[in-house]
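Below, each chain spelled out in residue letters.
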Amino acid sequence: MASGAIVTGQEARTVAFSAIDRVTRDLVGTARKIYAEPEVGFRERKTSALVARSLRTLGLTVEEGIAHTGLKAVYDFGRPGPRIAVICELDSLRVPSHPGADQETGAAHACGHHTQVGMLLGVASALVQPELRNMLSGSVAFIATPAEEFIDVSERLEMRNAGLLQFLSGKQEMMRLGAFDDVDMAMMVHTASGDGSPRITVGGTSNAHIVHHVRFIGRSAHAGGAPDRGINALQAAMLAINAINTQRETLQEQHVARIHGIITRGGSAVNAIPDNVVYEGRVRAMSPDALTDVNDKVLRCYRAGALGVGADVEITSIPGYLSMQNNLDMQAAFARNAETVVGRSHVRSSDDAESRGGSTDMGDLSTVMPAIHPYTSAATGTSHGPDYVIADYDLAVVAPAKIMAATAIDMLSNDAAEARRVLSNYKPVMSRSQYLATQQERFETELFRGQ
Ligand SMILES: [Zn+2]
Ligand SMILES: [Zn+2]
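## Description of the overall build of the protein
Then, number 1: Helices and strands together make up the secondary structure of the protein, namely 11 helices and 18 strands.
Then, number 2: C-alpha atoms of the protein, sized along the principal axes, occupy 85 × 40 × 40 Å.
Then, number 3: Counting all 451 residues of the protein, 58% fall into the buried class.
Then, number 4: Taking as baseline every contact in the protein between residues at least 6 positions apart, the subset at least 24 positions apart corresponds to 80%.

Right under this line is the structure:
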């Protein structure tokens, strides 16, 4: 980069960081407010409205109601150039035992997404500073996405059947609706559990996954008077789960395979043989081949459960997430800025082949555009557990906002030379239309008759 560009970058960073410092209390306040009113995926109405209001206060025009609760606001610097998306996830999880849980719904921010809203508003506050209009090119899109946690599968399938959704996750659905069509690259930061000292981690990957909605169909009968006349769908489900457990010794460690699920409907009345039992299942692995292999075994086990009891089983396979592929050029810029903000010794890099075991729909986005998904160790406790809480809001909200603002500045200063370089180096895993077609094809329903 020419020295003029470095000066511009430094000046712009100073402007951006001061802007964030001025609103720190508001950013943290907003994150805490969202923590106190958790909402699960595709129902984040209050959360979404709050983000929209805050972005409007900054003078931005907000497009609301994308994939129900998603939203998008574009800020153009007035000169042509690439568009970078800064993303936040709106949804909570359901962990009724979490201290921040909604008593009625069990919704709780046990994954720290509420802090991402604070981050996004921080980046927006920084980049809309009038001084930056003369320094940067291209544009930035602030995008809030619904439903990253792939939960409530039955309800979301009902929404799909009613034509209200096609994909069951927020980013997938927003991609389908074209909300990312005019975006060239994307970044977000997720919280992680730490040991009290600041740590920003870049790199690594996530598991791909497939989601199953499995309905075991039996026949109801009096559980005391005529159990022999019934076909017990709950026994079929339990047999399937046991069959799945027999497969665990065949899983290979390097694939980081995970198989897990919950029974969301176990029967209707204790004195009737259950005739309709629903299991929401998930299969994860790092590579597509490993995922297919594990998935085939699990499908076999569902059928085995049904066959053993003489029940039927309806298996709906739902496209889950693809593995995260962090863009190394963007990641290098992000890591440099992280070193400036939290100090060199607090920035770590994970191996590209290291999967944390979980999955994210940021992985889907990363197959069609350069994207990064780093972590800030601002939480304590176990992710998705009742003890997962944010211990350091400065590290959870303010530091990542500064790092992302500085990364956007690096990309878009000097006629957006760095963003253009990132894009010219980048080869998507698949085109955007290929992505949508591939994911659509993964929807499949099978009815296996064991009766
Ligand atoms: Zn989560
Ligand atoms: Zn999360």
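After presenting the structure, the write-up continues.
## Concerning the domain arrangement of the protein
Then, number 1: Segmentation of the protein into domains returns domain 1 (3-205 + 323-436) and domain 2 (208-320).
Then, number 2: Relative to domain 2, the C-alpha centre of domain 1 lies at a distance of 35 Å.
Then, number 3: With 16 residues of domain 1 at the interface, the matching set in domain 2 holds 16 residues.
Then, number 4: Summing the contributions of domain 1 and of domain 2, the shared interface buries around 1200 Å²; its carbon and sulfur component is 56%.
Then, number 5: Three residues, F150, V153 and S359, lead the burial of domain 1 against domain 2; their summed loss comes to 36% of the area buried on that side.
Then, number 6: Across the contact surface, domain 1 and domain 2 share zero salt bridges.
Then, number 7: Mapped onto the side of domain 1 that touches domain 2, the elements with two or more residues apiece are α4 (153-161) and β14 (347-355).
Then, number 8: Sorting elements by how many residues they give to the side of domain 1 that touches domain 2 places α4 first, with three residues.
Then, number 9: Taken together, the residues that form the side of domain 1 that touches domain 2 break down as six nonpolar, eight polar and two charged.

## Notes on the coordination of the zinc ion (ligand 2)
Then, number 1: Distances from the zinc ion (ligand 2) to its protein donors, C111 (SG), H113 (NE2) and H190 (NE2), fall at 2.1 to 2.3 Å.
Then, number 2: Binding-site remark: the zinc ion (ligand 2) is held by donors from one chain whose sequence spacing is C-x1-H-x76-H.
Then, number 3: Here the zinc ion (ligand 2) and the zinc ion (ligand 1) are spaced 3.1 Å apart, linked through C111, which binds each one. Highlighted residues: H113 in helix α3 (residues 113-127) and H190 in strand β8 (residues 190-193), separated in sequence by 77 residues. For the pair shown, H113 and H190 are each scored as buried.

## Regarding the coordination of the zinc ion (ligand 1)
Then, number 1: Distances from the zinc ion (ligand 1) to its protein donors, C111 (SG), E149 (OE) and H384 (NE2), fall within 2.0 to 2.2 Å.
Then, number 2: Taken in sequence order, the residues that donate to the zinc ion (ligand 1) follow the motif C-x37-E-x234-H.
Then, number 3: A relative accessible area of 5% places E149 in the buried class.
Then, number 4: Note on H384: relative accessible area 37%, which makes it partly exposed.

## Some thoughts on the nonpolar core
Side chains of a nonpolar character, in soluble globular proteins, are inclined to be buried together.
Then, number 1: The biggest cluster of nonpolar side chains holds 74 residues, and the ones touching the most others in it are L55, L127, F142 and M411.
Then, number 2: Broken down by element, this core gets its largest block of residues, 18 residues, from helix α10 (residues 393-425).
Then, number 3: Listed in part, the 28 residues of the second largest apolar core include A237, V298, Y302 and A306.

## With respect to the side chain of E418
Then, number 1: Here E418 is to be found in helix α10.
Then, number 2: The exposure class assigned to E418 is buried, which follows from its relative accessible area of 13%.
Then, number 3: When residues no more than four places from it in sequence are discounted, the contact partners of E418 are D410 and M411.

## A word on helix α2 (residues 45-57)
Then, number 1: Taking 1.5 Å of rise per residue, 13 residues should cover 18 Å, and α2 covers 18 Å from first to last C-alpha, within 8% of that figure.
Then, number 2: By the burial criterion, the buried members of α2 are T47, S48, L50, V51, A52, S54 and L55.
Then, number 3: G59 occupies a position one or two residues after α2 and carries a positive phi of about 90°.

## Focus on the sheet that holds strand β6 (residues 139-145)
Then, number 1: The strand order β1-β2-β6-β3-β7-β15 describes an open sheet built from six strands, whose pairing is mixed. Lying at the two open borders of the sheet, with one neighbouring strand each, are β1 (62-66) and β15 (371-372).
Then, number 2: As judged from the three bridges shared by strand β3 (residues 83-89) and strand β7 (residues 185-187), these two strands associate in the parallel manner. Looking across to β7, one finds that A85 is bridged to A186.
Then, number 3: Contacts from α2 reach β1, β2 (70-76) and β6 within the one sheet, and its direction differs from that of β1 by about 170°.
Then, number 4: Along the sheet face, α3 touches β2, β3 and β6 and points at about 150° away from the line of β3.

## Looking at the pairing of β3
As a general feature of sheets, a regular strand has side chains that alternate between the two faces.
Then, number 1: Counting buried residues in β3 gives seven out of seven residues, a clear majority hidden from the surface.
Then, number 2: Residues R83, A85, I87 and E89 point to one face of β3 and I84, V86 and C88 to the other, with burial holding for every one of them.
Then, number 3: By the bridge criterion, seven bridges tie β3 to β6 in an arrangement that is parallel. Opposite R83, over in β6, you have S139 as the bridge partner.

Cut-off values and rules
Residues numbered from 1 in each chain as written. Chains lettered and ligands numbered in written order. Predicted model: local features only at pLDDT ≥ 70, side-chain atom pairs only at ≥ 80, totals over all residues. Heavy atoms only, no water. Helix = DSSP H or I, 4+ residues; strand = E, 2+ residues; numbered from the N terminus. Buried < 20%, exposed > 50% of the residue type's maximum accessible area, 1.4 Å probe, protein only. Contact = heavy atoms within 4.5 Å. Domains from an automatic or database assignment. Buried area = accessible area lost by both parts, 1.4 Å probe. Salt bridge = Lys/Arg side-chain N within 4 Å of Asp/Glu carboxyl O. Nonpolar A, V, L, I, M, F, W, Y, C, P; charged D, E, K, R; others polar. Donors = N, O, S within 2.8 Å, 3.2 Å for Na, K, Ca; no water. Core = buried A, V, L, I, M, F, W, Y, C linked by side-chain atoms within 4.5 Å. Expected span 1.5 Å × (residues − 1). Pairing = 2+ DSSP bridges. Axes fitted to C-alpha atoms, helices over the stretch in contact; angles between N-to-C directions.

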